[in-house]
Amino acid sequence: MADLTRVLVPVDSQDAQAFRLALGYAENICERTGSNDISLLVHTKHQLDHTSLAQFLGPAALRALDKGTVSLPSGKRLHANTMKTLRYSARNAVLLVYYAEPKILDFADGLEAVGGIVAVPDLPGEADGWVARWGAIVHGQATAAPATLIGDAVFVGALETLSKVVNLSTGLGHPRDRQMADQILRILRAKGHADQSENIKSWAIRHGWHPEHAAELERLARKIWALKNKPALSNVHDPHGRYQRWRDEAGA
């Protein structure tokens with residue numbers, strides 16, 4: 001999903017302009033990708049029926065969405081989905097994520113067959129981590145390159161090794177893969193590397209991990225860096241040799 005077009009519209013979600021701008025971006029992405037469908041994604045159906053979105057859409061559109069789709073003047077089709085009804089695949093639709101915050105944006109990042117993502121944050125700043133994760137386009141701002149999430153090259157090399165050896169479809173679900181992650185992180189902690197827990201989830205998602213599995217990797221990293229003392233490596237296979245290889249690959 002790294003090459004998807006992602007857009008943030010940092011306009012008050014209670015302002016009708018936010019919805020108009022977001023819909024316009026979604027329609028533009030549809031034109032570029034050949035998609036005919038836009039999926040309005042919210043947390044729950046309540047947010048369609050009893051919030052500012054209901055006012056923006058109007059009664060007729062809400063009834064049509066409840067039955068299926070709304071045909072837009074552009075010729076595109078608008079659907080409405082929640083995190084319960086859209087479980088695995090977006091079926092190549094462009095997602096318009098409204099009242100966006102980290103949980104629903106992680107959910108969107110975990111869907112398959114997404115045509116693009118446009119997000120309107122619930123509150124200012126709530127989607128900043130998502131923007132940094134992907135280098136998303138921000139309405140009204142100059143385009144910026146994706147942020148360097150982890151600046152420690154040796155740490156990144158270790159994570160790249162981990163991403164190659166674990167089964168990314170299951171993350172740390174297999175005991176062997178969890179042990180591998182645990183050992184790699186313990187080696188880094190023992191060698192004095194700083195805690196990267198704040199950005200490790202976004203780094204992993206950017207590099208092909210499912211958001212749920214990336215969150216588990218983050219929890220493991222936080223646990224290891226929360227240890228009072230540096231971990232012992234006596235039970236870890238070839239910790240110094242493995243670490244030296246990461247240093248060599250990083251040019252450190």
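See the structure above.
Since the structure is predicted, the reported quantities are computational estimates derived from the model, not experimental observations. (Residues numbered from 1 in each chain as written. Predicted model: local features only at pLDDT ≥ 70, side-chain atom pairs only at ≥ 80, totals over all residues. Heavy atoms only, no water.)

Asker: Help me understand the packing of aromatic side chains in this model?
Answerer: Each aromatic ring pair is summarised here by two numbers: the centre-to-centre distance and the angle between the ring planes. Inspection of every chain in the model, using the stated rule, returns six aromatic pairs. Lying across the ring of W134, R6 places its NZ or CZ 3.6 Å from the centre. Of note, R87 hangs over the ring of Y88, and the distance from its end group to the ring centre comes to 5.9 Å. (Phe/Tyr/Trp six-rings, centres within 6.5 Å; stacked < 30°, edge-to-face > 60°. Lys NZ or Arg CZ within 6 Å of the ring centre and 35° of its normal.)

Asker: Would you mind showing me how to read the environment of H240 here?
Answerer: On the secondary structure map, H240 appears in helix α11 (residues 239–250). C-alpha of H240 to C-alpha of T82: the two residues are 158 residues apart in sequence and 48 Å apart in space. (Helix = DSSP H or I, 4+ residues; strand = E, 2+ residues; numbered from the N terminus.)

Asker: Hey, could you run me through the sheet that holds strand β7 (residues 137–138) in this one?
Answerer: Pairing between sheet strands relies on hydrogen bonds along the backbone, with the strands arranged either parallel or antiparallel. Strand order in the open sheet made by the seven strands is β3-β4-β2-β5-β6-β1-β7, with mixed pairing throughout. The strands lining the two open edges of the sheet, one partner per strand, are β3 (70–71) and β7. Bridge count for β3 against strand β4 (residues 77–82) is two bridges, and the pairing is antiparallel. Looking at the pairing, S71 lines up with R77 of β4. Contacts between helix α1 (residues 16–33) and the sheet are confined to β1 (6–8), β2 (37–42), β5 (94–100) and β6 (116–121), with β5 contributing the most and set at about 160° to the helix. (Pairing = 2+ DSSP bridges. Contact = heavy atoms within 4.5 Å. Axes fitted to C-alpha atoms, helices over the stretch in contact; angles between N-to-C directions.)

Asker: Would you mind showing me how to read the layout of surface pockets here?
Answerer: Estimated volume of the largest pocket: approximately 390 Å³. Mapped onto the lining of the largest pocket, the elements with two or more residues apiece are α5 (102–109) and α10 (211–225). If one sorts the elements of the lining of the largest pocket by residue count, α10 sits on top with four residues. For the lining of the largest pocket, the per-class residue count stands at six nonpolar, three polar and six charged. (1 Å grid on protein atoms, 1.4 Å probe; cavity = no way out; pocket = protein on both sides within 12 Å on 5 of 7 lines; lining within 4 Å. Points joined across faces, edges and corners; volume = space filled by probe spheres on them. Nonpolar A, V, L, I, M, F, W, Y, C, P; charged D, E, K, R; others polar.)

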